[in-house]
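# A closer look at the structure
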Amino acid sequence: MISKETLFALSLFPYLGFLWFISRSPQMPRLALYGFYGTLVFVAITIPAGIYAQLHYGESLANIDWLHGGAEVFLTLSNILLVVGFGQAVRQLKMKN
């Protein structure tokens, strides 16, 4: 049986492949691309925050509000970049037509 930690680590490879492909697409809105990269930053922040929560508090990250909220800020910022980036792209397409 594969552990959830192993599955999480393995899931990064398809996501990195996704980032590689979309970063080469001229149709991909740059701001939205930054949002997808921001999701990777969120993961990079969440891992050490989770380790810290476990070592310092003996709890999972979800149970330590200030750490969990701090990590979630990066996901929120990523989502905002995605929405604004794709929103700009849709407006630009509408203006062309």
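- Under an unreviewed UniProt entry, the protein has the name DUF3593 domain-containing protein and belongs to Nostoc cf. commune SO-36.

## Remarks on the overall build of the protein
- If you tally the helices and strands in the protein, you get 3 helices and 0 strands.
- For the protein, the N- to C-terminal ordering of α and β elements is α-α-α.
- Its C-alpha atoms give the protein a radius of gyration of 17 Å, clearly above 13 Å, the size a compact globule of 97 residues would have.
- Viewed in the frame of its principal axes, the protein has a C-alpha envelope of about 55 × 30 × 15 Å.
- Long-range pairs, those at least 24 residues apart, make up 54% of the contacts in the protein with a sequence separation of at least 6.
- Of the roughly 7,000 Å² that the protein leaves accessible, carbon and sulfur atoms contribute 71%.

## Remarks on the UniProt feature "transmembrane region" (unreviewed entry) in the protein
- As annotated in UniProt, the feature "transmembrane region" (unreviewed entry) corresponds to residues 6–22, 34–53 and 73–90 in the numbering used here.
- From the first C-alpha to the last, residues 34–53 spans 28 Å; its make-up is 100% helix and 0% strand.
- A helix fraction of 100% and a strand fraction of 0% characterise residues 73–90, whose end C-alpha atoms lie 26 Å from each other.

## Overview of the confidence of the model for the protein
- In the predicted model, the protein carries a mean pLDDT of 93, and 100% of its residues have values of at least 70.
- Here helix α1 (residues 4–23) stands out as the least confident element of the protein, with mean pLDDT 90; helix α3 (residues 65–96) is the most confident, with 96.

## Notes on the environment of Val 84
- Counting through the fold element by element, Val 84 comes out in helix α3.
- Residue classification places Val 84 among the partly exposed residues on the basis of a relative accessible area of 34%.
- Put simply, Val 84 and Gly 35 are 49 residues apart on the chain and 9.3 Å apart in space, counted from C-alpha to C-alpha.

## Details of the side chain of Ser 23
- Residue position: Ser 23 is located in helix α1.
- Engagement of the side chain of Ser 23 in a polar contact is seen with the backbone oxygen of Trp 20, the distance being 2.9 Å.
- Excluding residues that lie within four positions of it along the chain, Ser 23 makes contacts with Arg 30, Leu 33 and Tyr 37.

## Looking at the environment of Met 28
- As for its placement among the helices and strands, Met 28 is situated in the loop between α1 and α2 (30–57).
- Looking at Met 28, the relative accessible area reads 11%, which means it is buried.
- Along the sequence, Met 28 and Phe 86 sit 58 residues apart, while their C-alpha atoms lie 8.6 Å from each other.
- Discounting chain neighbours no more than four positions away, the residues touching Met 28 are Ile 22, Leu 33, Phe 36 and Phe 86.

## Observations regarding the nonpolar core
- With 7 residues, the main nonpolar core is built from Leu 19, Ile 22, Met 28, Ala 32, Leu 33, Phe 36 and Leu 82.
- Secondary structure elements with two or more residues in this core: α1 and α2.
- It is α2 that provides the largest number of residues to this core, a total of 3 residues.
- Apart from the residues within four sequence positions on either side, Leu 82 is in contact with Ala 32, Gly 35 and Phe 36.

Analysis parameters
- Along each chain, the written sequence defines residue order, and numbers are assigned to residues from 1.
- Where totals are concerned, whole chains, interfaces and linings use all residues; where local detail is concerned, this predicted model gives features only for residues with pLDDT of at least 70, and gives and counts side-chain atom pairs only at 80 or more.
- Where side-chain values are given, they derive from all heavy atoms of the structure, hydrogens and water being excluded.
- Runs of H or I in DSSP of at least four residues are treated as helices and runs of E of at least two as strands, each being numbered from the N terminus.
- For a compact globule the rule gives 2.2 Å times the number of residues to the power 0.38, and the radius of gyration it is set against comes from C-alpha atoms.
- Contacts are assigned to residue pairs with any non-hydrogen atoms lying within 4.5 Å of each other.
- Throughout, the Shrake-Rupley method with a 1.4 Å probe supplies accessible areas, and for residues the shown protein chains are the sole cover considered.
- UniProt positions are given in the numbering used here, feature names are shortened, and annotations may be inferred rather than shown by experiment.
- The pLDDT value tells you how sure the predictor is about a given residue, anywhere from 0 up to 100.
- With a 1.4 Å probe rolled over the protein chains alone, any residue whose accessible area is under 20% of its type maximum counts as buried; one over 50% counts as exposed, and the rest are partly exposed.
- We define a polar contact as two N or O atoms separated by no more than 3.5 Å, with the added condition that, inside protein, one atom must be a possible hydrogen donor and the other a possible acceptor, whereas residues neighbouring each other in sequence contribute only through side-chain atom pairs.
- The nonpolar core is taken to be a set of buried Ala, Val, Leu, Ile, Met, Phe, Trp, Tyr and Cys residues, with the residues joined through side-chain atoms within 4.5 Å.

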